[in-house]
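The residues making up each chain are set out below.
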Amino acid sequence: MAFAGRRDVPEPPDFGILKRLARDQLIYLLEQLPGKKDLFIEADLMSPLDRIANVSILKQHEVDKLYKVESRPAPSASDQFCFLVRPRIRTMRYIADIVNADKMSGRSRKYKIIFSPQKFYACEMVLEEEGVFGDVTCDEWSFYLLPLDEDIISMELPEFFRDYFLEGDHRWINSVARALQLLNSLYGPFGKAYGIGRCAKMSYELWRDLEEESEGDGQGRKPEIGNIFLMDRDTDYVTALCSQVVYEGLVDDTFRIKCGSVDFGPDVTSSDKSIKVLLNAQDKVFSQIRNEHFSSVFGFLSQKSRNLQAQYDRRRGMDIKQMKNFVSQELKGLKQEHRLLSLHIGACESIMKKKTKQDFQEMIKAEHSLLEGVDVRESTSFIEEHIDRQVSPIESLRLMCLLSITENGLIPKDYRSLKTQYLQSYGPEHLLTFHNLKHVGLLTEQAAGETLTAVESKVSKLVTDRAAGKITDAFNSLARKSNFRAISKKLGLIPRVDGEYDLKMPRDMAYVFSGAYVPLSCKIIEQVLERRGWLGLEEVVRLLNGNEFSVSDSAVEDNPAWESQRVILAVFLGGCTFSEIAALRFLGKERGCKFIFLTTAITNSARMMEAMIEAKA
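Conventions used here
- Once a new chain begins, its residue numbering starts again from 1 and follows that chain's sequence as written.
- Predicted model: local features are reported for residues with pLDDT of at least 70 only, side-chain atom pairs are reported and counted for 80 or more only, and whole-chain, interface and lining totals are derived from all residues.
- Hydrogens are left out, water is left out, and the side-chain values use all remaining heavy atoms of the structure.
- UniProt positions are given in the numbering used here, feature names are shortened, and annotations may be inferred rather than shown by experiment.
- Each patch is assembled from residues with relative accessible area greater than 30% and no salt bridge, linking like charges that lie within 9 Å and nonpolar side chains (Val, Leu, Ile, Met, Phe, Trp, Tyr) that lie within 5 Å.
- The accessible surface values rely on the Shrake-Rupley method and a 1.4 Å probe; as for residues, cover is taken only from the protein chains in view.
- Criterion for a salt bridge: a side-chain nitrogen of Lys or Arg within 4 Å of a carboxyl oxygen of Asp or Glu.
- None of His or the chain ends enter the tally, which takes Lys and Arg as positive and Asp and Glu as negative.
- Every charge is mapped to an atom, namely NZ of Lys, CZ of Arg, CG of Asp or CD of Glu.
- Segments assigned H or I by DSSP are reported as helices when at least four residues long, segments assigned E as strands when at least two residues long, and all are numbered from the N terminus.
- Residue types Ala, Val, Leu, Ile, Met, Phe, Trp, Tyr and Cys, when buried and joined through side-chain atoms within 4.5 Å, form a set referred to as a nonpolar core.
- The buried label applies to any residue whose accessible area, calculated with a 1.4 Å probe on protein chains only, is under 20% of its type's maximum; exposed applies above 50%, and partly exposed to all values in between.
- We call two residues in contact whenever any of their non-hydrogen atoms come within 4.5 Å of each other.
- Two rings from Phe, Tyr or Trp (for Trp, the six-membered ring) form a pair when their centres sit within 6.5 Å of each other. Planes less than 30 degrees apart are called stacked, planes more than 60 degrees apart edge-to-face, and all others tilted.
- Distance and angle both matter: a charge sits over a ring if NZ of Lys or CZ of Arg is within 6 Å of the ring centre and within 35 degrees of the ring normal.
- Think of it this way: DSSP has to see at least two bridges between two strands before they count as a pair.
- We call two N or O atoms a polar contact when they sit within 3.5 Å, provided that within protein one can donate a hydrogen and the other can accept it, with sequence-adjacent residues counted only if both atoms are side-chain atoms.
- In this analysis, axes come from line fits to C-alpha atoms, helices being fitted only over the stretch in contact, and the angle between any two N-to-C directions falls in the range 0 to 180 degrees.
- Known as pLDDT, the predictor's per-residue confidence is scaled from 0 to 100.

Per an unreviewed UniProt entry, the protein chain carries the name Vacuolar protein sorting-associated protein 33B and comes from Otus sunia. The Sequence similarities (unreviewed entry) comment attached to the protein chain in UniProt states, word for word, "Belongs to the STXBP/unc-18/SEC1 family."

(A) Spatial organisation of a negative patch on the surface. A contiguous patch of negative charge on the surface is contributed by E205, D209, E212 and E213. Mapped onto the elements of the fold, E205 is located in helix 8 (residues 198-214).

(B) Just the nonpolar core, in detail. In this structure, F83, W141, L183, Y247, L442 and L569 are the most contacted members of the largest nonpolar core, which totals 192 residues. If we skip the residues at most four places from it in the chain, L569 touches L180, L183, F190, I225, N227, I228, F229, I596 and L598.

(C) Highlighting the packing of aromatic side chains. Scanning the entire structure with this criterion turns up 25 aromatic pairs. Aromatic pair F160 and Y164: ring centres 6.2 Å apart, planes at 25°, arrangement stacked. Of this pair, F160 and Y164 are both found in helix 6 (residues 159-166), four residues apart, which corresponds to roughly one turn of the helix. When sorted by exposure, F160 lands in the same class as Y164, which is buried. Residues Y194 and F229 carry aromatic rings whose centres are separated by 6.3 Å and whose planes lie at 35° to one another, so their mutual orientation is tilted. Taken together, the residues Y194 in strand 8 (residues 192-196) and F229 in strand 9 (residues 227-232) connect sequence positions 35 residues apart. Three or more aromatic residues link up through ring pairs in this structure, and these residues are F40, Y67, F81, F83 and Y111. Taking NZ or CZ as reference, R208 lies 4.8 Å from the ring centre of W207, over its face.

(D) Geometry of the pairing of strand 1 (residues 37-41). The buried fraction of strand 1 amounts to five of the five residues, a majority that puts the element mostly inside the structure. Taking every second residue as pointing to the same face, both faces of strand 1 are buried, with K37, L39 and I41 on one and D38 and F40 on the other. Judged from the four bridges that link them, strand 1 and strand 2 (residues 63-68) form a sheet pairing that is parallel. Bridge pairing in strand 2 links F40 to Y67.

(E) The arrangement of the side chain of N291 in detail. As for its position among the elements, N291 is in the loop between helix 12 (286-289) and helix 13 (294-313). A relative accessible area of 16% places N291 in the buried class. Of note is the side chain of N291, whose polar atom sits 2.9 Å from the side chain of R585. Each residue touching N291, except ones within four places of it in the same chain, is listed here: V246, E248, Y511, A582 and R585.

(F) Quick look at the sheet that holds strand 8. If you trace the seven strands from one edge of the open sheet to the other, you get 6-7-14-13-9-8-12, paired in mixed fashion. Pairing within the sheet leaves two strands with one partner each, and these edge strands are strand 6 (146-147) and strand 12 (548-552). Across five bridges, strand 8 lies against strand 12 in antiparallel orientation. Bridge pairing links K192 to S552 in strand 12. Packed onto the sheet, helix 7 (residues 171-187) meets strand 7 (152-154), strand 9, strand 13 (567-573) and strand 14 (594-599) and runs at close to 170° relative to strand 13. Here helix 23 (residues 520-531) sits on the sheet and contacts strand 8, strand 9, strand 13 and strand 14; the angle it forms with strand 9, its principal contact strand, is near 145°.

(G) Summary view of the sheet that holds strand 2. One open sheet accounts for five strands, arranged 2-1-3-4-5; its pairing is parallel. Pairing within the sheet leaves two strands with one partner each, and these edge strands are strand 2 and strand 5 (136-140). Taking each pair of neighbouring strands and ignoring which way they run, the sheet shows an average axis angle of 20°. Looking at chain direction, strand 1 and strand 3 (residues 80-85) are connected through four bridges and run parallel. When the sheet's bridge partners are listed, F40 is paired in strand 3 with F83. Packed on one face of the sheet, helix 2 (residues 43-52) meets strand 1, strand 2 and strand 3 and runs near 105° to strand 1.

(H) Local environment of the confidence of the model for the protein chain. The pLDDT averaged across the protein chain works out to 86; a share of 86% of its residues lies at or above 70. Low pLDDT, under 50, characterises residues 1-5; the predicted model gives this stretch 22 contacts beyond four residues in sequence or across chains. For the stretch residues 451-457, pLDDT sits under 50, and the model shows eight contacts to residues farther than four places along the chain or on other chains.

Listed below in structure tokens is the structure:
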């Protein structure tokens, strides 16, 4: 799909059907255990379940009591236990303990385990080892996809990042392939597929195998999504490590958006209780500020409150009939908007307070220096000071990782010094964390030998050992130019700005990082879609370690007039940030196309670091 000029952006497909499918399948599984039953739900399935089927729906299908998996259940009179769980070994041991305790006390019950999104052989093995496999019935709830908004679908698998990129565990690839198969059958067939990364390639190939087995029934149908782009998180760690400055990203960094909703505490609500708010396009205030740079948000909210006040003031000159119409038609909407407005103003104030306390401006300045490759020494000193002041173990790690990636690894002296200071500040239990970060390539040390190139070795054969040593030193200083630097230069990730960057009227995707950096992941997507493939990007691909692909489905009619040609499904394997979402939404508006986001989970720098941390708090 070559980008056209600015046009109307196509409407996204209706993803409500995904919720209905998941709800219907869950009800069907619950009804297979007729009569009253107690339901045990895994903690991280509670929020997604709430978006699909609330408590009243569960009660309609004879669910009596609800328990959280982890706590010992209170003695229950129920003859049937149903467990709604993720396929985890520790959960299997928990279930086995309950079943064995019942056996010991001579209590007879029926047990049903519903795995979401699928069951793994390892889980059945554990049940067998514990001697309870014959006492339970197992089922799968194929709940792969949760629509969080009109253009965001999440698999709600935050563990995917650690499992795949750190542990090398491939089990979730099957879930991704099945999710793609479901989307393709409902909204496809996808005409063109692009991708980069090892996991992206495996997921794509497995999905195609599943399609061949099922002999896809979508052929000949007019698609709603025309293009798909798969990307591994490790293709671009830098974007995920940067501090977010778009409103939605800041809300996520500050309050943690969980499953599309956020808990605003007393500091936001100006009362003594917390309020849970669903953040999506239905929120009239939020939908207008979510993608804006934080500096523009206050101005917008104050203008909005003035407009709202003016609408309230209209009632002063009304007669009885007009007042009746106003109360019946407009007042409810105005009150709702007023409530949301005060919440978002409260959230902004709370963010400002926290960020002022954290020297946010200084931190952003250090990050921008690292991205541009200037004043690296000063930024290193800032990171050392951050560690010594014990500001936050997560933030310190994040800054060290950003320094390492932008510099293609730390020189051994810096690596040892920062690591020692970190362990002294935050405790020696973090030693394993450093091992994990090294393993995934987030925090690495430049090995003395790795900077020797073929050219050097040839040169060193022609000169004396002493001269060779000097040459190696010279090459070592040159080798600090990292892959990130080379990629950044090749793709123009650091915009050249004459004068001040206008954040209110942004001209490119760099606005999501205050005009300092265009997200690499988004730039790759833009370039590949523009070129309809990887042609001309060979050097970038080499620097990103390959595994790229570009496939056109010859069976799908390529009709440029179809709206679907302007709808792109961007799949992030290992998590996607709100900054990337905002950047691609901006690109979509500019180019007259619509991006739909499918991610294994919404992520940010803190979640990424937490996934790597071994030290248990």
